[in-house]
Amino acid sequence: MKILLAITGASGSIYGLRLLEELLRGGHGVTLVASASGLEVCRYETGVELNDADALKKRWSLPDAGLTIRSVDDLWAPEASGSAAPDAMVIAPCSMGTVGRVAAGISGNLIERAADVMLKEYRPLLLLPRETPFSTIHLENLLKLSQCGARIIPAMPGFYQKPETLDDLVNFVVGKLLDQLGVEHSLFKRWGDL
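The following refers to the structure shown. (Residues numbered from 1 in each chain as written. Predicted model: local features only at pLDDT ≥ 70, side-chain atom pairs only at ≥ 80, totals over all residues. Heavy atoms only, no water.)

1. Focus: the overall build of the protein chain
Alright, step 1. The helix and strand inventory of the protein chain stands at seven helices and six strands.
Alright, step 2. N-terminal to C-terminal, the α/β element order of the protein chain is β-α-β-α-α-β-β-α-α-β-α-β-α.
Alright, step 3. What you see for the protein chain is a C-alpha radius of gyration of 16 Å, in line with the 16 Å of a compact globule of 194 residues.
Alright, step 4. Each of the three principal axes of the protein chain carries a C-alpha extent, and together these read 45 × 40 × 30 Å.
Alright, step 5. Here the protein chain holds 194 residues, and 48% of them are scored as buried.
Alright, step 6. Long-range pairs, those at least 24 residues apart, make up 73% of the contacts in the protein chain between residues at least 6 apart in sequence.
Alright, step 7. Carbon and sulfur atoms form 50% of the exposed surface of the protein chain, whose accessible area is close to 9,500 Å².
Alright, step 8. Within the protein chain, one finds 19 positive and 23 negative side-chain charges whose respective centroids are separated by 3 Å. (Helix = DSSP H or I, 4+ residues; strand = E, 2+ residues; numbered from the N terminus. Rg over C-alpha atoms; globule rule 2.2 N^0.38 Å. Buried < 20%, exposed > 50% of the residue type's maximum accessible area, 1.4 Å probe, protein only. Contact = heavy atoms within 4.5 Å. Areas by Shrake-Rupley, 256 points an atom, 1.4 Å probe, with all protein chains shown as cover. Lys, Arg positive; Asp, Glu negative; His and termini not counted. Charge placed at Lys NZ, Arg CZ, Asp CG, Glu CD.)

Written as structure tokens, this is what we have:
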């Protein structure tokens, strides 16, 4: 699959990083775009720089991985056009600002434009909102996007698999994203397999 992964400025960049690693390990082509605040939050929370593809591939010992990095301001990128839309797009984490702008049809940067493309082309758009509590405005915007075809996968880990580490909690949520993409994984045990 060709997947566009966007990381915005909400807390929880670890979800996007873990998803990126799993997709690259699975041999999928990933285009990564991060908002300015997404770059800053990821650096703060994880120490990882998102703007260096070679460093990211080296981090996971995947020198031949199909990773492309785009600038959030690159509205000339192929992903900004319906004729070159990826197979799926994931915004993880997805800030409420991004949710609001996408819900309003605002395409001021590559993340917003690509999300708009996914909706208009009826392709999978997965949002991992990372905010609590949700205001009524947040809920209305998420509902609007859901009604337009986006899939809302909140960062809400399950506990029936008895997580023991932070990685267990992250893997559960990332596994739910992979399920929605139709990508096989073994990040958590399924109910009935415990």
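2. A closer look at helix 7 (residues 166-181)
Working note: α-helix, 3.6 residues per turn, so residues spaced by three or four point in the same direction.
Alright, step 1. Counted at 1.5 Å a residue, the expected span for helix 7 with its 16 residues is 22 Å, and the 23 Å between its end C-alpha atoms agrees.
Alright, step 2. Its buried side turned inward, helix 7 meets strand 1 (2-7), helix 1 (13-25), strand 4 (88-94) and strand 5 (125-129).
Alright, step 3. Where helix 7 begins, the side chain of Thr165 points an oxygen toward the backbone nitrogen of Asp167, at a separation of 3.3 Å.
Alright, step 4. Trailing helix 7 by a residue or two, Gly182 shows a phi angle of about 75 degrees, which is positive. (Expected span 1.5 Å × (residues − 1). Polar contact = N/O pair within 3.5 Å; in protein donor to acceptor, adjacent residues only side chain to side chain.)

3. Some remarks on the side chain of Thr31
Alright, step 1. Mapped onto the elements of the fold, Thr31 is located in strand 2 (residues 29-34).
Alright, step 2. Thr31 sits in the buried class, given a relative accessible area of 11%.
Alright, step 3. Polar side-chain contacts of Thr31 include one of 3.2 Å to the side chain of Glu79.

4. Let's talk about the packing of aromatic side chains
Alright, step 1. In total, this model carries three aromatic pairs according to the counting rule given.
Alright, step 2. Aromatic pair Phe172 and Phe188: ring centres 4.8 Å apart, planes at 45 degrees, arrangement tilted. Residue Phe172 is located in helix 7, and its partner Phe188 is located in the segment after helix 7; the two are separated by 16 residues in the primary sequence.
Alright, step 3. With a relative accessible area of 5%, Phe172 lands in the buried category.
Alright, step 4. Ring-pair connections join several aromatic residues into one group, and the members of that group are Tyr160, Phe172, Phe188 and Trp191. (Phe/Tyr/Trp six-rings, centres within 6.5 Å; stacked < 30°, edge-to-face > 60°.)

5. Digging into the state of the cysteines
Alright, step 1. Across all of its chains, the model carries zero disulfides by this definition.
Alright, step 2. Between Cys94, a cysteine without a disulfide, and Cys148, which holds the nearest cysteine sulfur, the sulfur-to-sulfur distance is 14 Å.
Alright, step 3. Using a relative accessible area of 1% as the deciding quantity, one classes Cys94 as buried. (Disulfide = S-S within 2.5 Å.)

6. Regarding the environment of Val41
Alright, step 1. Position of Val41 among the secondary structure elements: in helix 2 (residues 36-46).
Alright, step 2. Taking the C-alpha atoms as reference points, Val41 and Val90, 49 residues apart in sequence, are found 18 Å from one another.

7. Digging into the sheet that holds strand 6 (residues 151-152)
Alright, step 1. Read across the open sheet, the six strands follow the order 3-2-1-4-5-6; overall the sheet is parallel. The open sheet is flanked by strand 3 (67-70) and strand 6, the only strands paired with a single partner.
Alright, step 2. Across two bridges, the pairing between strand 5 and strand 6 is parallel. Across the sheet, the residue bridging to Leu127 is Ile152, located in strand 6. (Pairing = 2+ DSSP bridges.)

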